[in-house]
Each structure stands twice: as structure tokens, then as C-alpha cells.
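What follows is each chain in one-letter form.
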Amino acid sequence: MARGGWSMPLGGFIQEVEGQLSKQGAEMVLYALQQLIIHSPVDEGAYRGSHFLTIDDVDHNKVPHYGPDESMREAERILAANPSPFKLVTIQTNIPYGERIEDGWSGQAPYGVYSIAYNNTRERYGR
């Protein structure tokens, strides 16, 4: 402890740490989404634009048709609206042939897309 007491109130310290955790979590999520977009096979672009985020839930019905830039902007908007670092973020696609792509059905993505994005994100950020 510094002479004369703490340099900042502990409540402020907690808010600062939560802010840093939220920022780092958002960075990791956006990196993972970017990896999905980059490694998605492209025919007409439907699969590449079908990845989306949910917070503390999953959505089995939504099939967005975003462009890559729109996907990133929507993800940034969702994360900004939910700044708590203590949330469960799910990145998913509900496109009907998504599982086949993950199983190597596409010659453009013979090792899948989500597995590669997961491995790249894990390699960059640790466990």
C-alpha cells in the first residue's frame, strides 16, 4: 500500500478492470468473427455473410445475409450494447449447409471454418 492510502478508490479500480476485460473480450470476439469471414468459402457469399453474434443465448432461426463489413459492424454494435465482461458470446451460423462446410464439403475450406477460426483465436490469445 502506498504511503497515505490508495491512489484510487477500490470501486474505481473494479470499474477500470471490468472495462479492460470488456475491451479485451470484445477484441477476441471480433478477431474470431473476422477469422470466420476470412476462411469462409465463397460462391455467392451467403455463407460468408451468415455468421452472427448472440449474447447469453443462441438463435436457431436467424439467417442473416450480411456482407463481411456489415457482419463486423453488427458485431461491434452488439458488443457495445452489452459492455459487461461477464457474458456468454456465441458466434454462429444457421445456414442449412453450414455443418457440411465444417465437415470439409467445400474444396475452399477442406478443414472447415469454425475449427480454423477457433484454433487461430486460441493461438493468438492463449487457452
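Everything here concerns the structure above.
Quick caveat: nothing in here was measured; it's all calculated off a predicted structure.

*Asks:* Where do I start with the environment of His65 in this structure?
*Replies:* Locating His65 in the fold gives a position in the loop between strand E1 (52-55) and helix H2 (68-81). Spatially, the C-alpha atoms of His65 and Ile95 are 9.7 Å apart, while their sequence positions differ by 30 residues. Setting aside residues no more than four positions away along its own chain, His65 makes contact with Ala46 and Gly49. A polar contact is formed between the side chain of His65 and the backbone oxygen of Val63, at a distance of 3.4 Å.

*Asks:* Help me understand H2, please; the structure alone is not making it clear to me.
*Replies:* Think of an α-helix as 3.6 residues a turn; residues three or four steps apart then line up on the same face. Relative to the 20 Å expected for 14 residues at 1.5 Å per residue, H2 spans 20 Å between its end C-alpha atoms, a close match to the ideal helical length. Burial in H2 covers these residues: Ser71, Met72, Ala75, Ile78 and Leu79. Looking straight down H2, one finds that the buried residues subtend no more than 125 degrees of arc, so they occupy a single side. Turned more than 90 degrees off the buried face of H2, the exposed positions are Asp69, Arg73, Ala80 and Ala81. In this structure, the buried side of H2 is in contact with helix H1 (10-39), E1 and strand E2 (89-92).

*Asks:* What should I look at first to understand the pattern of salt bridges in this one?
*Replies:* Opposite charge on two side chains permits pairing when their charged atoms draw close. Applying the stated criterion to the full structure yields 1 salt bridge. The salt bridge partner of Glu74 is Arg77, with a shortest N-O separation of 2.7 Å. Taken together, the residues span about one helical turn, with Glu74 and Arg77 both in helix H2 at a distance of 3 residues.

*Asks:* Would you mind showing me how to read the side chain of Ser71 here?
*Replies:* Position of Ser71 among the secondary structure elements: in helix H2. Ser71 has contacts with Leu33, Ile37, Gly49, His51 and Tyr66, leaving out every residue within four places of it along the chain.

*Asks:* Teacher, can you tell me more about the environment of Leu79 here?
*Replies:* Inspection of the secondary structure puts Leu79 in helix H2. Measuring from C-alpha to C-alpha, the distance between Leu79 and Gly107 comes to 33 Å, with 28 residues separating the pair along the chain. Setting aside its immediate chain neighbours within four residues, Leu79 contacts Ala26, Val29, Leu30, Leu53, Ile55, Lys87 and Val89.

*Asks:* Can you walk me through the nonpolar core in this structure?
*Replies:* In this structure, Leu33, Leu53, Leu79 and Val113 are the most contacted members of the largest nonpolar core, which totals 17 residues. The set of elements that each furnish at least two residues to this core consists of H1, E1 and H2. It is H1 that provides the largest number of residues to this core, a total of 5 residues. With sequence-adjacent residues up to four places away left out, Val113 is seen in contact with Leu36, His39, Ser40, Pro41, Tyr47, Ile101 and Glu102.

Conventions used here
- Residues numbered from 1 in each chain as written.
- Predicted model: local features only at pLDDT ≥ 70, side-chain atom pairs only at ≥ 80, totals over all residues.
- Heavy atoms only, no water.
- Helix = DSSP H or I, 4+ residues; strand = E, 2+ residues; numbered from the N terminus.
- Contact = heavy atoms within 4.5 Å.
- Polar contact = N/O pair within 3.5 Å; in protein donor to acceptor, adjacent residues only side chain to side chain.
- Expected span 1.5 Å × (residues − 1).
- Buried < 20%, exposed > 50% of the residue type's maximum accessible area, 1.4 Å probe, protein only.
- Arc of directions from axis to C-beta.
- Salt bridge = Lys/Arg side-chain N within 4 Å of Asp/Glu carboxyl O.
- Core = buried A, V, L, I, M, F, W, Y, C linked by side-chain atoms within 4.5 Å.

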